[in-house]
Amino acid sequence: MADEIKGDSFVKLVSAEGHEFFVTRQVACVSGTIRAMLEGGFAEANEGKITFPEIKTAILEKTIQYCHYKMKYNGASVRIPEFPIEPEIALELLMSSNYLDL
């Protein structure tokens, strides 16, 4: 399974409104929750599709941006820029990040 996560295969993440985001497994697995779904015996592992009926499109999009940000700067020796979060979405983003184990 570790080889699949390191590969360039894609996972489809679907928001509450039905918006679909195609993300590499490596980026998606920054989330502990998504990693568990893809590595476990869940249907999501076979389908390569995870639906989040409680996460709005804008929040899921920002969460995916954070996963890219975290991958880029993980172990970086340069100064890490601040990740921008709009105050209007801060609470919802915090709740989804907690659920997704980020």
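Residues numbered from 1 in each chain as written. Predicted model: local features only at pLDDT ≥ 70, side-chain atom pairs only at ≥ 80, totals over all residues. Heavy atoms only, no water.

The protein goes by Elongin-C in an unreviewed UniProt entry, where it is assigned to Triparma retinervis. Turning to the protein, the UniProt annotation filed under Sequence similarities (unreviewed entry) states: "Belongs to the SKP1 family." Turning to the protein, the UniProt record has this under Subcellular location (unreviewed entry): "Nucleus". (UniProt positions renumbered as here; feature names shortened; annotations may be inferred.)

Applying the stated criterion to the full structure yields three salt bridges. Between Glu20 and Lys12 there is a salt bridge, and its shortest N-O distance comes to 3.7 Å. Classification of Glu20 by relative accessible area gives partly exposed; the value is 39%. The partner of Lys62 in a salt bridge is Glu86, and the shortest N-O contact between them spans 3.6 Å. A residue pair is termed long-range when its members are at least 10 positions apart, and Lys62 in helix α5 (residues 57-73) and Glu86 in the loop between α5 and α6 (90-99) qualify at 24 residues. Looking at Lys62, the relative accessible area reads 8%, which means it is buried. By relative accessible area, Glu86 is classed as partly exposed at 34%. (Salt bridge = Lys/Arg side-chain N within 4 Å of Asp/Glu carboxyl O. Buried < 20%, exposed > 50% of the residue type's maximum accessible area, 1.4 Å probe, protein only. Helix = DSSP H or I, 4+ residues; strand = E, 2+ residues; numbered from the N terminus.)

Once that is clear, we can look at the sheet that holds strand β2 (residues 20-24). Pairing in this open sheet of three strands is mixed, and the strands run β2-β1-β3 from one edge to the other. In the strand order of this sheet, the two ends are held by β2 and β3 (49-51), each with one partner. Between one strand axis and the next, the sheet turns through 25° on average, direction left out of account. Pairing geometry for strand β1 (residues 10-14) and β3, over three bridges, is parallel. (Pairing = 2+ DSSP bridges. Axes fitted to C-alpha atoms, helices over the stretch in contact; angles between N-to-C directions.)

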